[in-house]
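Spelled out from the first residue to the last, the chains are:
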Amino acid sequence: MEDTEHQSQLPKGNAGHSSRSGTLDPSESVTGVAMIFGIIGVVVGIVATVVVADAAGVLQWIVCCVIGALAGGSAGIVIGGLFGAIFGVLRGVTVPTLRHPQR
């Protein structure tokens, strides 16, 4: 069955991005903010482990710090991704729909 609905074409000068200045892709904001919060989370996890952990030997301190870094980093990534998604939706661009001209 042939598509008979008339569809308008995108203007030739339109590169596919919004003409608003200061916009960014929501996926970039999620990734960037998640990475920053993840790094901060790693540092906070290591510091909290050093302050709270009750380890007897060097190997136990290292294992506790690795676990603290993983826990803090993953928590930072999740929280950073949440804030990045909120920021990206509020300030992000809308991807235009591609329309195929009639053949």
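Positions within a chain are numbered from 1, following the residues in the order the chain's sequence is written. Two thresholds apply to this predicted model, a pLDDT of at least 70 for residue-level local features and 80 or more for giving and counting side-chain atom pairs, whereas whole-chain, interface and lining totals are computed over all residues. No hydrogens and no water enter the side-chain calculation; it runs on all heavy atoms of the structure.

In the nomenclature of an unreviewed UniProt entry, the protein is known as Transmembrane protein of Rhizobium phaseoli.

Attention now goes to the UniProt feature "transmembrane region" (unreviewed entry) in the protein. Per the UniProt record, "transmembrane region" (unreviewed entry) is found at residues 30-53 and 59-90. Comment: elements are numbered from the N terminus, with helices defined as DSSP H or I runs of at least four residues and strands as E runs of at least two. The span residues 30-53 shows a helical share of 96% and a strand share of 0%, and its end C-alpha atoms are spaced 32 Å apart. This span, residues 59-90, is 100% helix and 0% strand, and a straight line between its end C-alpha atoms measures 46 Å. UniProt positions are given in the numbering used here, feature names are shortened, and annotations may be inferred rather than shown by experiment.

Next up on the list: helix α1 (residues 26-52). Expected helix span is given by 1.5 Å per residue-to-residue step, counting one fewer step than there are residues. Taking 1.5 Å per residue, 27 residues should reach 39 Å; α1 reaches 37 Å between its end C-alpha atoms and fits that length. Every buried residue of α1 is listed here: S29, A34, G38, G41, G45 and T49. Contacts are residue-level and defined by heavy atoms, with any inter-residue pair within 4.5 Å sufficient. Against the buried residues of α1 lie α2 (58-91). Remark: exposure states derive from per-residue accessible area (1.4 Å probe, protein chains only) relative to the maximum for the residue type, with buried under 20%, exposed over 50%, and partly exposed in between.

Turning our attention to the packing of aromatic side chains. Two rings from Phe, Tyr or Trp (for Trp, the six-membered ring) form a pair when their centres are within 6.5 Å of each other. A pair whose planes differ by under 30 degrees is stacked, one over 60 is edge-to-face, and the rest are tilted. Scanning all chains against the criterion turns up 1 aromatic pair. Here F37 and F83 contribute two aromatic rings whose centre-to-centre distance is 5.8 Å and whose plane-to-plane angle is 65°, an arrangement assigned as edge-to-face. With F37 in helix α1 and F83 in helix α2, this residue pair connects regions lying 46 residues apart in the sequence. Owing to a relative accessible area of 31%, F37 belongs among the partly exposed residues under this scheme. Its relative accessible area of 43% is what places F83 among the partly exposed residues.

The next subject is the packing of α1 against α2. One can describe the packing of α1 onto α2 by two numbers: an axis separation of 5 Å at closest approach and a directional angle of 150°. For the element pair α1 / α2, the angle class is roughly antiparallel. Here α1 runs over α2; the crossing is right-handed. For the contact of α1 with α2, the per-class residue count stands at 17 nonpolar, 13 polar and no charged. Orientation is described by lines fitted to C-alpha atoms, with helices fitted over the stretch in contact, and by angles between N-to-C directions that extend from 0 to 180 degrees. Here roughly perpendicular refers to angles of 65 to 115 degrees, roughly parallel to angles under 35, roughly antiparallel to angles over 145, and oblique to all remaining angles. Two helices crossing with the near one rotated counterclockwise from the far one by less than a right angle form a left-handed crossing, whereas a clockwise rotation gives a right-handed crossing. Note on residue categories: nonpolar means Ala, Val, Leu, Ile, Met, Phe, Trp, Tyr, Cys or Pro, charged means Asp, Glu, Lys or Arg, and polar means any other residue, Gly included.

Attention shifts here to α2. The terminal C-alpha atoms of α2, which comprises 34 residues, lie 47 Å apart, in line with the 50 Å expected from a rise of 1.5 Å per residue. Those residues of α2 not exposed but buried are C65, G68, A69, G72, G73, G76, G80, G81, G84 and G88. Against α1 lie the buried residues of α2.

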